[in-house]
Amino acid sequence: MKPGLPLLWRRTKERYNLIGSKCESCGTHYMPGRAVCPKCRRKGKLVEHKFSGKGRIYSYTVVRVAPEGYEYFVPYVLAIINLDEGAKITGQIVDADPDKIEVGQKVEMVFRKIHEDNPEGLITYGFKFKLAD
Amino acid sequence: MKKVAVVGVGMSKFGELWDYNLRDLVVQAGVEAIRDANLEGSEIQALYGGTMASGRLIGQEHISALIADAMGLNPIPATRVEGACASGSLAFRNAYFAIASGAYDTVVVGGVEKMTDASTAEAVTALGGAGDQEWELLQGATFPGLYALMARRHMLEYGTTEEMLAAASVKNHANAVHNKYAQFRREITIDDVLNSKKVADPLKVLDCSPITDGAAAVILMDLDKAKQHTDNYVEIVASAQASDTLALHDRESLTEIRATKIAASEAYKQAGIGPEKIGVAEVHDCFTIAEVMAVEDLGFFKKGEGGKATLDGETKIGGKIAVNTSGGLKACGHPVGATGVKQIVEVAWQLRGQAEGRQIDGVEYGLTHNVGGSGATAVVHILKRR
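Residues numbered from 1 in each chain as written. Chains lettered and ligands numbered in written order. Predicted model: local features only at pLDDT ≥ 70, side-chain atom pairs only at ≥ 80, totals over all residues. Heavy atoms only, no water.

Examining the pattern of salt bridges
A complete count under the given rule lists 29 salt bridges over all chains for this structure. With its nearest N and O atoms 3.9 Å apart, the salt bridge here joins A:Glu108 to A:Lys130. Taken as a pair, A:Glu108 in strand S7 (residues 106-116) and A:Lys130 in strand S8 (residues 123-131) lie far apart in primary sequence, 22 residues in all. A relative accessible area of 24% means that A:Glu108 is categorised as partly exposed. Note that B:Glu266 and B:Lys269 form a salt bridge whose closest N and O atoms lie 3.7 Å from each other. Residue B:Glu266 and its partner B:Lys269 are both found in helix H10 (residues 258-271); the two are separated by 3 residues, about one turn of the helix. Put simply, A:Lys54, A:Glu108 and A:Lys130 are held in one network by salt bridges that share partners. (Salt bridge = Lys/Arg side-chain N within 4 Å of Asp/Glu carboxyl O. Helix = DSSP H or I, 4+ residues; strand = E, 2+ residues; numbered from the N terminus. Buried < 20%, exposed > 50% of the residue type's maximum accessible area, 1.4 Å probe, protein only.)

Re the domain arrangement of chain B
A common measure of how large an interface is: the accessible area buried when the components associate. All names here are of chain B. By domain assignment, chain B separates into domain 1 (4-118 + 212-234) and domain 2 (120-208 + 238-385). Tallying the contact residues gives 46 residues for domain 1 and 43 residues for domain 2. A buried area of about 3500 Å², summed over both sides, lies between domain 1 and domain 2, and 67% of it is on carbon and sulfur atoms. Broken down residue by residue, the surface that domain 1 buries against domain 2 is led by Phe14, Cys85 and Val234, which jointly contribute 19%. Along the contact surface separating domain 1 from domain 2 lie 1 salt bridge. (Domains from an automatic or database assignment. Contact = heavy atoms within 4.5 Å. Buried area = accessible area lost by both parts, 1.4 Å probe.)

Pasting the structure below:
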């Protein structure tokens, strides 16, 4: 996908700083944030929550055939991260040998380039993850 | 609710069909279905069309009106239904409701996708629309990647192996040899799959369904009217659908499609039978891991045993339950909007004893299972022999 500027701009809070939400009624964390808690619905009370950025690899794959705009990164590790607060998100694991990734490894968020339209186009930034010590 | 029957089915060839445009394909399928139903055309009162991404793939929206026009069915109401790769089943289900409600007695469903006019990269990007663009695709996810994430967990939690996954593809290719409409009519081996190019580990090219052009059509009729009209009908005894989170990461489990389990449970309840009564099933094998999870989630095998059952041949023709006799999405092809309708066509042929070299003997109940995206939509239908 080729994201437009407004789409990226209106979500910089989530993308740059991993700010999602937490339901004060049931304690569930959501990333990205939600306006409605699916568990509590009308009884839910959602407030902003800044995630620590720490978590563990829940599942991963090595993407070798990339969508348009991501060819530059191939092969890259795509993972579902189980954040320490409980929410799961999809992100890339960087600065690591794809052959040495394992489910359960500790990771932490880093701020990286996500996507580039073309040399003169828009550059998208956001969160990726690296293995934690 | 009124009872509903399928009285006519048809499909175009599935494949890379550079000689035909979307109109040609849907007319080929539609004409065959109307002829098969022994109708003239003027009896049809409404049309439901299933297409996922025609706007992205060929720049054409408003597909339902296009189909009605091309088929010479104006001025009947024509409605497009979209649910990613489950669009065809959703169109079928809406047509079913249109008759069950008593609004109409004869309705046509057309599913179509013209995919190969676009480049592979454009098609892959268009299909990505079935996932969560902002929180999966923008992060670099691809559809093979999302199913690979499920495969990894299934392997970890249940000991499923790459050979077990490959066995689904090998079996579907073997079935497609007997289907003259199929895209790939040639056998492959487990080694062929294991040695094919890696796409998103652990999935290889031969674990993935292809990009396909094709169309399928069925005619539905009020059951009482169908009984007067023909001896060649099959009854729809269940129609069920469920949804789940759009993004895969928001699900508690990655080793099941929860929407499939919920839709299947509802479908078995409607039909008044259990999974052991199903003799043939067309399931959504967009990737091999999807078929392994489907045969578990539909209740044919226990959770975690789908891979072994597939490798042991229990889902072959002549096995415990024949799965994807058409060749499935993998070998018959996957023109996304057409797939759900094609599944109905294949099961109807099986129940009518017209499945040629891949016919299952004495099959009474058949099931179709169609998934949208990584499982945010699942649709299950059960059909019964006359």
